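# Chains, contacts and geometry: an overview
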Amino acid sequence: MTTDGLGPTIRPRRLRTTAALRRMVAETSVEPRQLVLPLFVREGISDPQPISSMPGVVQHSRSTLKAAAAEAAELGLGGVMLFGIPEHKDATGSGAIDPGGILNLAITDVVGEVGDALTVMSDLCLDEFTDHGHCGVLTADGKVDNDRTLAAYAEMARAQAHAGVDMVGPSGMMDGQVAVIRDALDAAEHTDVSILAYSAKYASAFFGPFREAVDSSLQGDRRTYQQDSANAVEGVREALLDVDEGADIVMVKPALAYLDVIRRVRDAVDVPVAAYNVSGEYAMVEAAAANGWIDREPAILETLTAIRRAGADVILTYWAAEAARWLGSSA
Ligand code: PBG
């Protein structure tokens, strides 16, 4: 390895000498087209409302939502993922199915604004719409009823497709949800609406700020349907099942504490893999940066690079627009 007196012959540092060389040999890149911006729209407001645990993220009104989506399109993002916050929540989440419900109206607004410039996605789950905050309807004794929830998801899928959505994102972790949604879409002649399945979704403390974002006060926890953080093999199983049921893209969520699961899923399936860089991951970096404890921009870019390196083809991130500005638009 060494030549007498001349030091090492093999010097990996050589390829790190200049920025140009480092750029040339970089194994992983993050591009605006790979980023999806989650957006919140709240019924009955005219000014955007800040979300205190997610500084820089807001609950949009219908009109500011359209502006945010237009900006996302200009920046060359891959898409937007829409979440609705209804004025009234109830036990069955009826606002999710109502064609006049906030999320369905917002889908039509955004599709009208951006057309085909952006993939418009919508969360397909009941938790933003239920007064108990669970992702499904409950039995008399308070358990989440898988199969009755599936029927609600089918209706929700039809309503979102009718509103014009490009891609639905079932995130409730009910067994069989992708198959039921695919059937419902196909039966309603929406064969071209695709499914981004939240396949390996874990019962995570990192969803905390999201609850504030959608005004949800969850009763109990989600451990009977979201996965145990101890399990990676099970995450792969869930992803394979979703591919079999017709998922076009499978997703791992959260991202940072589950980079190994992203890698395993990437190696196991033959569809694109997405990862959700969730609210708590955003809040951690923002809080540390606000305190001057970490350098914000490099920390964000390192985070997104790590998620890509783990194997994610697509990243849902609250930093999507800002990161796209740093990275340079490819639009
Ligand atoms: C369910 C849903 C949640 C998130 C996305 N879709 C909340 C949950 O399952 O508890 C969380 C996203 C985030 O934390 O950024 N509708």
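Let us look at the structure shown here. (Residues numbered from 1 in each chain as written. Predicted model: local features only at pLDDT ≥ 70, side-chain atom pairs only at ≥ 80, totals over all residues.)

### A closer look at the overall build of the protein chain
The following threshold applies: By the criteria applied, helices consist of DSSP H or I runs no shorter than four residues and strands consist of E runs no shorter than two, each listed in order from the N terminus. Neighbour counting defines burial: a residue surrounded by 20 or more other C-beta atoms within 10 Å of its own C-beta is buried, one with 12 or fewer is exposed, and intermediate counts give partly exposed, using backbone-placed C-beta atoms.
Counting secondary structure elements, the protein chain contains eleven helices and twelve strands. Projected onto its principal axes, the C-alpha positions of the protein chain cover 80 × 40 × 40 Å. Here the protein chain holds 331 residues, and the buried ones make up 47% of them.

### Quick word on helix 11 (residues 320-327)
Heads up, the rule is: This arc is built from the directions going out from the helix axis to the C-beta atoms. Think of it this way: build a C-beta for each residue from its backbone, and any pair within 7 Å is a contact.
When helix 11 is considered as a whole, its buried residues turn out to be A320, A321, A323 and A324. Projected onto a plane normal to the axis of helix 11, the buried residues spread over an arc of 165° and lie on a single side. At its buried positions, helix 11 is contacted by strand 3 (35-42), helix 2 (62-74), helix 10 (296-310) and strand 12 (314-317). Looking at the residues trailing helix 11, positive phi occurs at G328, about 90°.

### A closer look at unusual backbone geometry
With omega at -10°, the peptide bond leading from K253 into P254 counts as cis. Tracing the sequence through the fold places P254 in the loop between strand 10 (249-253) and helix 8 (259-268). Residue D215 is not a glycine yet carries a positive backbone phi of 50°. Residue placement: D215 occurs in the loop between helix 6 (208-213) and helix 7 (233-245).

### Here we look at helix 5 (residues 177-187)
By the burial criterion, the buried members of helix 5 are Q177, V178, V180, I181, R182, A184 and L185. Looking at the packing, one finds that the buried side of helix 5 touches strand 7 (119-124), helix 4 (146-163), strand 8 (167-170), strand 9 (194-201) and helix 7. Immediately downstream of helix 5, the backbone of E189 shows phi near 60°, a positive value.

### Description of the nonpolar core
Inclusion rule: Definition of nonpolar core: a set of buried Ala, Val, Leu, Ile, Met, Phe, Trp, Tyr and Cys residues joined via C-beta atoms within 7 Å.
V36, V80, L82, I181 and I262 are the most contacted members of the largest nonpolar core, which has 104 residues in total. For this core, the element with the most residues is helix 4, which contributes nine residues. Sequence-distant contacts of I262, defined by excluding residues within four places in its chain, comprise V252, A255, V273, A275, I307, A310, G311 and A312.

### Thoughts on the pairing of strand 7
Which entries qualify depends on this criterion: Pairing between two strands requires that DSSP report at least two bridges joining them. For the handedness criterion, the strands are oriented away from the viewer, and a crossover whose path from the first strand over the helix to the second runs clockwise is classed as right-handed.
The buried count for strand 7 comes to five of six residues, which makes it a mostly enclosed element. Pairing between strand 6 (residues 79-85) and strand 7: four bridges, direction parallel. Residue pairing across strands places V80 opposite V120, the latter belonging to strand 7. Note that the unit made of strand 6, helix 3 (residues 102-114) and strand 7 has a crossover that is right-handed. Direction of pairing for strand 7 relative to strand 8: parallel, over a ladder of four bridges. From the neighbouring strand, M121 faces strand 8, where its bridge partner is M167. Assessed by its sense of winding, the connection that carries the chain from strand 7 through helix 4 to strand 8 is right-handed.

### A look at the site of the ligand
Quick note on the threshold: For each residue, a C-beta atom is placed from the backbone, and the residue is labelled near a molecule or strand when this atom is within 6 Å of it. Amino acids outside the nonpolar list (Ala, Val, Leu, Ile, Met, Phe, Trp, Tyr, Cys, Pro) and the charged list (Asp, Glu, Lys, Arg) are all regarded as polar, and Gly is one of them.
Around the ligand, the surrounding shell consists of D123, C125, D127, E128, C135, S171, F207, F210, V278 and S279. Split into classes, the residues belonging to the shell around the ligand amount to five nonpolar, two polar and three charged.

### Some remarks on the environment of M251
The topology assignment puts M251 in strand 10. Along the sequence, M251 and R266 sit 15 residues apart, while their C-alpha atoms lie 9.8 Å from each other. Among residues more than four places away in sequence, those in contact with M251 are L196, A197, Y198, S199, A274, A275 and Y276.

### Quick look at the pairing of strand 10
Within strand 10, five of the five residues are buried, which leaves it mostly tucked inside the rest of the structure. Along strand 10, one buried face is formed by I249, M251 and K253 and the opposite face, lined by V250 and V252, is buried too. Where strand 9 meets strand 10, five bridges bridge the pair, whose relative direction is parallel. The residue of strand 10 that forms the bridge with L196 is I249. Direction of pairing for strand 10 relative to strand 11 (residues 273-277): parallel, over a ladder of three bridges. When the sheet's bridge partners are listed, M251 is paired in strand 11 with A274. What joins strand 10 to strand 11 is helix 8, and the crossover it makes is right-handed.

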